[in-house]
Structure formats: C-alpha cells, structure tokens
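Take a look at the letters that make up each chain.
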Amino acid sequence: MSHLHIDDFSHDVARILMQAYMSFPRPGALYVEDIIGPTEVDDVGLHSSRHMACLGAMLWLAEEGFIRYQATIFQEGLEQVVLSNKAFVLLTSLSELRLDNTDPQLPATVKHEKATLAEQFMQAIRAQDSVRTTAVVRYLLSRQPEPVPAEEFADLIKPATPTTDEEWL
C-alpha cells in the first residue's frame, strides 16, 4: 500500500528546497500555493489538509535546519525564507545517486553540475517522477554536510604549475 502523504511530503520538500535554491542567497516569501497550487478554504475559512501538510513541511524543514525564515504569513506561507548553510552545502554537493547516465563528452563543469543533488531534484521535479523524487529527498535528508575535498574540483581547476602552453590558457 502506498503512503500518499509521504509522496506529497517528498514533492513538497523538493519544491520548497528548489524554490529557495533558485533565489539563494536572497531571502523571499514562500507560499503554499506556489508549491502545491491553489487550494480552497472551507465554509468557515479553514484550509484543506493538503494545504496544511505543505505548510507543515515548510515548518519541519525549518525545524530540521534546512531553511530559515523570519515569520509565518498567516497560514499562507513563510516570510524571508533562505536556505541554511547545511542545505546549501548538501544541494551543491556531488551525489552518489546515479539516476541518469551523463554524456561522457560533456565538459567537466557541466558533468560536475549535473551530479549535484540540486540538479537531481530539478530533474525529478521536471519528470514528475514520484519514485525518483522520494529517493532524492530521502537521500538528502539522510545526509549531513561534510567538508568538500579539494579533489572534487580537480578536473575543473587549471594546474597550479602549468607545463604546456595549453595549461596556461
């Protein structure tokens, strides 16, 4: 039996983090409607359980240290949301998940970018693939930021002491 609330949570987390990532480092408002689309309130003005679950995901991400925010905007969203250092480091780190094969002819900088968690989130969202989205979210949530080894950038940086004319360029 599928746990639809976990699928919804995974999609919400992916979209929340990507929206904050796309505006990083600029803080901004994050509305539930921007994540799940418009929802209706009932006759007494209460939001749907789906709406409240998305707001709950936002607050949970803040409690767990993935985002920071200044205040809630009633039950509509959060004000002045920005990624935490923890989330930024995790999203820009190379992922050990290999959900797609990358073209070996791509430049090193493009291959590097495509191997980040942020790119894997964007691909999963674009594909509207629940299994992939849940996998990437679970992978991210199970990680702790680690120091980035300099070797990770070895193929992106020119040698310190060039030996040929091509290395100088």
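So, here is what we can say about the structure in this document. (Residues numbered from 1 in each chain as written. Predicted model: local features only at pLDDT ≥ 70, side-chain atom pairs only at ≥ 80, totals over all residues. Heavy atoms only, no water.)

## Re helix α6 (residues 117-127)
Because each turn of an α-helix spans 3.6 residues, side chains separated by three or four positions end up pointing in the same direction. The element α6 is extensively covered by neighbouring structure, given that 9 of its 11 residues are classed as buried. Q128, located one to two residues past α6, shows a positive phi value of around 50°. (Buried < 20%, exposed > 50% of the residue type's maximum accessible area, 1.4 Å probe, protein only. Helix = DSSP H or I, 4+ residues; strand = E, 2+ residues; numbered from the N terminus.)

## Looking at helix α3 (residues 49-63)
Taking 1.5 Å as the rise per residue, α3 with 15 residues should run 21 Å; its terminal C-alpha atoms sit 20 Å apart, in good agreement. Looking at the buried side of α3, the elements it contacts are α1 (4-23), β1 (28-31), α2 (32-36), β2 (67-68) and β4 (77-83). G65, located one to two residues past α3, shows a positive phi value of around 85°. (Expected span 1.5 Å × (residues − 1). Contact = heavy atoms within 4.5 Å.)

## A word on the pairing of β4
With respect to burial, β4 is a largely interior element, 5 of its 7 residues being buried. One ladder, built from 2 bridges, connects β2 with β4; its direction is antiparallel. Bridge pairing in β4 places R68 opposite V82. The pairing of strand β3 (residues 71-73) with β4 spans 3 bridges and is antiparallel. (Pairing = 2+ DSSP bridges.)

## A closer look at unusual backbone geometry
Of the consecutive residues F24 and P25, the connecting peptide bond is found in the cis state with omega at 5°. If you trace the backbone, P25 turns up in the loop between α1 and β1. Its identity as a non-glycine residue notwithstanding, F74 has a phi of 50°, on the positive side. If you trace the backbone, F74 turns up in the loop between β3 and β4.

## Looking at the packing of aromatic side chains
Applying the stated criterion across every chain yields a total of 2 aromatic pairs. Geometrically, the ring pair formed by F9 and W60 is edge-to-face, given 5.4 Å between the ring centres and 80° between the ring planes. Of this pair, F9 sits in helix α1 while W60 sits in helix α3, placing them 51 residues apart in sequence. F9 sits in the partly exposed class, given a relative accessible area of 23%. Where F24 meets F88, the ring centres are 4.6 Å apart and the plane angle is 15°; that geometry is what we call stacked. Of this pair, F24 sits in the loop between α1 and β1 while F88 sits in helix α4 (residues 85-92), and the two are 64 residues apart along the sequence. Residue classification places F88 among the partly exposed positions, given a relative accessible area of 30%. Its guanidinium or amino end placed over the ring of F66, K86 lies 4.3 Å from that ring's centre, counting from NZ or CZ. (Phe/Tyr/Trp six-rings, centres within 6.5 Å; stacked < 30°, edge-to-face > 60°. Lys NZ or Arg CZ within 6 Å of the ring centre and 35° of its normal.)

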